[in-house]
Amino acid sequence: MEELIERLARATIGATFNFYRDGPGAATRQERLLGYLRARRDAPLLLVGAAAGHRGARISGIPFTSERQLTGSGPAEATATIVRRTLVELGLEQETLCWNVVPTHPHLLGRPETNRRPTRAEIDASSLFLRELARGRTVIAVGRIAQAILGDPYVRHPSHGGAADFRAGLLRFAVGGR
């Protein structure tokens, strides 16, 4: 896992912000991700979103996780809150590793507080990390962007009123398949 974190911290993935290398707290984000990956080393499920968001992993270092969830302060992120709450409710938190097709943060030029769809080049540059983490796991795409890249199975993204469909999708693919 250490080697994956080192490679990720060195990576340049298109025009995305690599928060594991750059910015205040980069070393802390690396340590958090390493601890998370170690804790989920044997997780049979891999839940994959499109890319890290500006209020979630960009600050916390852990996919689908906000700083507020980790420390009780800092920004909250709606998707992270829904994903983590649902995983706990379904008894899947420890059995699920969360990741993103693009593990760094794509944003509009000069506007780090935004999120944008990752480019094909950014997706391609990130594929080795995803393939490495997907080995031996059931991979479930979260949202249409991730589905377009990974294919099925797919669950609806929980944002913009999709929480109930996200939960139902996890029940169908993850819980039903255990």
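Definitions and cut-offs
- Residues numbered from 1 in each chain as written.
- Predicted model: local features only at pLDDT ≥ 70, side-chain atom pairs only at ≥ 80, totals over all residues.
- Heavy atoms only, no water.
- Axes fitted to C-alpha atoms, helices over the stretch in contact; angles between N-to-C directions.
- Helix = DSSP H or I, 4+ residues; strand = E, 2+ residues; numbered from the N terminus.
- Left-handed = near helix turned anticlockwise from the far one by under 90°.
- Contact = heavy atoms within 4.5 Å.
- Nonpolar A, V, L, I, M, F, W, Y, C, P; charged D, E, K, R; others polar.
- Buried < 20%, exposed > 50% of the residue type's maximum accessible area, 1.4 Å probe, protein only.
- Pairing = 2+ DSSP bridges.
- 1 Å grid on protein atoms, 1.4 Å probe; cavity = no way out; pocket = protein on both sides within 12 Å on 5 of 7 lines; lining within 4 Å.
- Points joined across faces, edges and corners; volume = space filled by probe spheres on them.
- Salt bridge = Lys/Arg side-chain N within 4 Å of Asp/Glu carboxyl O.

Asks: Teacher, can you tell me more about the packing of helix α1 (residues 2-10) against helix α2 (residues 26-39) here?
Replies: Where α1 contacts α2, the axes come no closer than 10 Å and their chain directions differ by 145°. Of the two elements, α1 crosses α2, and the hand of that crossing is right-handed. Contacts between α1 and α2 pair Glu2, Leu4, Ile5, Leu8 and Ala9 from the former with Gln30, Leu33, Leu34, Leu37 and Arg38 from the latter. When its residues are assigned to classes, the contact of α1 with α2 shows seven nonpolar, one polar and two charged.

Asks: Sorry if this is basic, but what is going on with the pairing of strand β2 (residues 96-102) here?
Replies: Remark: a regular strand shows side chains that alternate across the two faces of the sheet. In terms of residue burial, β2 counts as a mostly covered element, since seven of its seven residues are buried. Relative to β2, strand β1 (residues 45-51) runs parallel, the two sharing six bridges. The residue bridging Ala51 from the neighbouring strand is Val102, located in β2.

Asks: Looking at this structure, how should I read the layout of surface pockets?
Replies: In this approach the atoms are scanned with a rolling probe the size of a water molecule, which exposes any empty space left behind. Each pocket or cavity is described by its volume, and for the largest pocket that value is around 570 Å³. The wall of the largest pocket is formed by 27 residues, among which Ala50, Ala51, Thr79, Asn115 and His157 lie closest to the centre. For the lining of the largest pocket, the secondary structure elements donating two or more residues are β1, α5 (78-89) and α7 (144-150). Partitioned by chemical class, the residues of the lining of the largest pocket number twelve nonpolar, eleven polar and four charged.

Asks: Looking at this structure, how should I read the pattern of salt bridges?
Replies: Any two side chains of opposite charge can pair if their charged atoms end up close together. Summed over the entire model, instances satisfying the criterion amount to twelve salt bridges. The closest approach of N and O atoms between Arg7 and Glu132, which form a salt bridge, is 2.4 Å. Within this pair, whereas Arg7 is found in helix α1, its partner Glu132 is found in helix α6 (residues 120-134), the two being separated by 125 residues in sequence. For Glu132, a relative accessible area of 26% translates into the label partly exposed. Between Glu67 and Arg32 there is a salt bridge, with its nearest N and O atoms 2.5 Å apart. Linking Glu67 in helix α4 (residues 67-71) with Arg32 in helix α2, this pair joins segments that are 35 residues apart in sequence. For Arg32, a relative accessible area of 21% gives the class partly exposed. Because the salt bridges share partners, they merge into one network encompassing Glu3, Arg7 and Glu132.

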